[in-house]
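Structural characterization, general
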Amino acid sequence: MKYFFKSFPDSLRELKNVRCVTYAAMFTAMAIALGYLTTIQFGDTIKIGFSFLAKDFGAYMLGPVVGGIINGLVDLITFVIKPTGPFFPGFTFNAVLTGIIMGSILYNRPVKLSRVLAARIVNSVVVNLFFNTLWIAMLYGNSFFVMLPARALKQVIMLPIETIMLYSVMKAAEAAGLLKLFRSGRHSSGYSGSK
């Protein structure tokens, strides 16, 4: 629990680093591109896509504060460029909350499959199942409990796929030395957050 609260000021300090802002912009652009290239919509209530990879990896690298900013920006920019329905601030709230959840669980922590799975489960239950279903019910006048089974089935199917994909990307980045490169640049610019 102590680590959870420490991750927020550490992530906030990341914003003082030019490299962090550059990475955040890169993850934002990658998430928007992945959203357009990989998203499939099934009616008004179910959407499958892989932009989560760039957003969650950004939260892992830069923490919950910057992760929340990245997710919020992706949501707003995507809506401005190509809206798929009416603007609803609840979805932006969900995007920010996803970045906070993923960053607070993964940031500055060793890459473990169990940790990635835990982060994806918390996000799936809190954001995807509860809040997303609630906002869709409010927007389209559908019953929350009528939509819940189909949305829960989607989460059960996508959870292992998303977990394995994110874990693989994180392990590949670790093996390629991207984390060491980023952290060495962070420390050389005067930032001295936790390791």
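Quick notes on the rules
- Residues numbered from 1 in each chain as written.
- Predicted model: local features only at pLDDT ≥ 70, side-chain atom pairs only at ≥ 80, totals over all residues.
- Heavy atoms only, no water.
- Core = buried A, V, L, I, M, F, W, Y, C linked by side-chain atoms within 4.5 Å.
- Buried < 20%, exposed > 50% of the residue type's maximum accessible area, 1.4 Å probe, protein only.
- Helix = DSSP H or I, 4+ residues; strand = E, 2+ residues; numbered from the N terminus.
- Contact = heavy atoms within 4.5 Å.
- Salt bridge = Lys/Arg side-chain N within 4 Å of Asp/Glu carboxyl O.
- Patch = residues over 30% accessible without salt bridge, like charges linked within 9 Å, V, L, I, M, F, W, Y side chains within 5 Å.
- Areas by Shrake-Rupley, 256 points an atom, 1.4 Å probe, with all protein chains shown as cover.
- Axes fitted to C-alpha atoms, helices over the stretch in contact; angles between N-to-C directions.
- Parallel < 35°, antiparallel > 145°, perpendicular 65-115°, else oblique.
- Left-handed = near helix turned anticlockwise from the far one by under 90°.
- Nonpolar A, V, L, I, M, F, W, Y, C, P; charged D, E, K, R; others polar.

**Quick look at the nonpolar core**
Formed by 27 residues in total, the largest nonpolar core has its most connected members in Y60, M61, L62, L106, L166 and M170. Taken together, the elements giving at least two residues each to this core come down to helix 2 (18-38), helix 3 (52-81), helix 4 (89-106), helix 5 (113-140), helix 6 (144-176) and helix 7 (178-188). For this core, the leading source of residues is helix 3, giving 11 residues. Ignoring anything within four residues of it in the chain, the contact list for L166 reads F52, L53, D56, F57, M102, L106, V116 and R120. The next biggest cluster of nonpolar side chains, apart from the first, holds 6 residues, and it includes F88, L97, I101 and V127.

**Section: the pattern of salt bridges**
Evaluated as defined, the whole model comprises 4 salt bridges. Taking the shortest distance from any N to any O, the salt bridge between D56 and R120 comes out at 2.4 Å. Separated by 64 residues along the polypeptide, D56 in helix 3 and R120 in helix 5 bring together distant segments of the chain. Judged on exposure class, the residue D56 and its partner R120 are both buried. Where E162 meets R120, a salt bridge forms, and the shortest distance between an N and an O atom there is 2.7 Å. With E162 in helix 6 and R120 in helix 5, this residue pair connects regions lying 42 residues apart in the sequence.

**Here's the deal with the side chain of T133**
As for its placement among the helices and strands, T133 is situated in helix 5. When residues no more than four places from it in sequence are discounted, the contact partners of T133 are N128, F144, M147, L148 and R151.

**Details of a nonpolar patch on the surface**
Taken together, the side chains of L12, L15, V21, Y36, L37, I69, L73, I77 and I81 define a hydrophobic patch exposed on the protein surface, amounting to about 810 Å² of accessible area. Counting residues per element, the ones that place at least two in the nonpolar patch are helix 2 and helix 3. Take L15: it is sitting in the loop between helix 1 (2-14) and helix 2. Looking at L15, the relative accessible area reads 35%, which means it is partly exposed.

**Structural notes on the packing of helix 5 against helix 6**
It is at 9 Å that the axes of helix 5 and helix 6 come closest, and there the two elements cross at 150 degrees. When the axis of helix 5 is compared with that of helix 6, the two are roughly antiparallel. Crossing of helix 5 over helix 6 shows right-handed handedness. Here the contact of helix 5 with helix 6 is built from residues that sort into 17 nonpolar, 6 polar and 3 charged.

Read these as geometric descriptors, not functional statements.
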